[in-house]
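Listed below are the residues making up each chain.
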Amino acid sequence: MMRGRFISLEGLDGAGKSTHLAFIEGRLRGRGVDLLTTREPGGTPLGEALRGLLLSRGMVADTELLLMYAARVEHVQSVIEPALAAGRWVLSDRFHDASYAYQCGGRGITRARLAALEEWALQGFAPDLTLLLDVPAELAAERRAQARAADRFEAEDLEFFRRVRDAYLERAGLNPQRIRVIDATRAPAEIQTDVARLLDSL
Ligand code: TYD
């Protein structure tokens, strides 16, 4: 049995993840890929319960990171890894790079502490490909303003999202093979041309 591929999609709230997630699903299914689409935090019954807490309830930054990771470990061991082992592909709306961006960049947890947790929890497990939809914090905020009511993260200020974006780009610089940065300020059709090319290389 050929092991499946694991793809994650990342970007600021308002970068256009939902639109492009649907495109990616269509592209892969069109190729005959047996695809499981999932999200973080979430992806399991326990993870979805933790998501409810994470998006609504105030907590200190370390708790936020640990709950993100509790949901992630549950997700990897009970859903993602078994699917990949069975030859299915997995597409996740966010994965561990979001913790680097939001909890380190946004909340100020040190990279060293995150690295220790990441190694303990994931033991080297990572996506085969990560698509980072990159937009400036200002543009993401404008797009969010036209959408639904803000959750606990989306209610953060521009400075928070500037730090999140910088941390995503820093992480991409450290993992240039895995993380592909896509200029998501452009028209959807142009973005999708790039996304299609990257997917077809998998
Ligand atoms: P998001 O995919 O934006 O959900 P939705 O599109 O429904 O709003 O994810 C929810 C939030 O969780 C988002 O603001 C980023 C945050 N988040 C972290 O802070 N760290 C993480 O590790 C993950 C996975 C998400």
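This text goes with the structure placed above it.
Residues numbered from 1 in each chain as written. Predicted model: local features only at pLDDT ≥ 70, side-chain atom pairs only at ≥ 80, totals over all residues. Heavy atoms only, no water.

*Asks:* Where do I start with the pattern of salt bridges in this structure?
*Replies:* It is possible for side chains of opposite charge to pair when their charged atoms get near one another. Using the criterion set out here, one finds 24 salt bridges in the structure. The salt bridge partner of Lys17 is Asp93, with a shortest N-O separation of 2.5 Å. With Lys17 in helix H1 (residues 17-30) and Asp93 in strand S3 (residues 89-93), this pair connects stretches of sequence that are 76 residues apart. Lys17 sits in the buried class, given a relative accessible area of 13%. Here Arg165 and Asp134 are joined by a salt bridge, their closest N and O atoms 2.8 Å apart. Pair noted here: Arg165 is in helix H7 (residues 158-174) and Asp134 is in strand S4 (residues 129-134), with a separation of 31 residues, a long-range link. The exposure class of Arg165 is partly exposed, given its relative accessible area of 24%. (Salt bridge = Lys/Arg side-chain N within 4 Å of Asp/Glu carboxyl O. Helix = DSSP H or I, 4+ residues; strand = E, 2+ residues; numbered from the N terminus. Buried < 20%, exposed > 50% of the residue type's maximum accessible area, 1.4 Å probe, protein only.)

*Asks:* Explanation requested: the site of the ligand in the structure shown.
*Replies:* For the ligand, the set of nearby residues contains 18 residues, the closest of which are Asp13, Lys17, Arg72, Ser99 and Gln103. Note that an oxygen atom of the ligand is positioned 2.8 Å from one of the side-chain N or O atoms of Asp13. At a separation of 2.7 Å, an oxygen atom of the ligand approaches a polar side-chain atom of Ser99. Compared with its free state, where it exposes 550 Å², the ligand has 92% of that area covered by protein. (Near = heavy atom within 4 Å. Polar contact = N/O pair within 3.5 Å; in protein donor to acceptor, adjacent residues only side chain to side chain. Areas by Shrake-Rupley, 256 points an atom, 1.4 Å probe, with all protein chains shown as cover.)

*Asks:* Looking at this model, I keep getting lost on the sheet that holds S4. Mind explaining?
*Replies:* Whether parallel or antiparallel, the strands of a sheet pair through hydrogen bonds between backbone atoms. The strand order across the open sheet built from 5 strands is S2-S3-S1-S4-S5, with neighbouring strands paired in parallel fashion. Sheet topology places strand S2 (35-39) and strand S5 (179-183) at the edges, where each strand pairs with a single neighbour. Each adjacent strand pair in this sheet contributes to an overall mean axis angle of 20°, direction not counted. Strand contacts of H7: strand S1 (6-11), S4 and S5, with the helix running at about 145° to S4, the strand carrying the most contacts. (Pairing = 2+ DSSP bridges. Axes fitted to C-alpha atoms, helices over the stretch in contact; angles between N-to-C directions. Contact = heavy atoms within 4.5 Å.)

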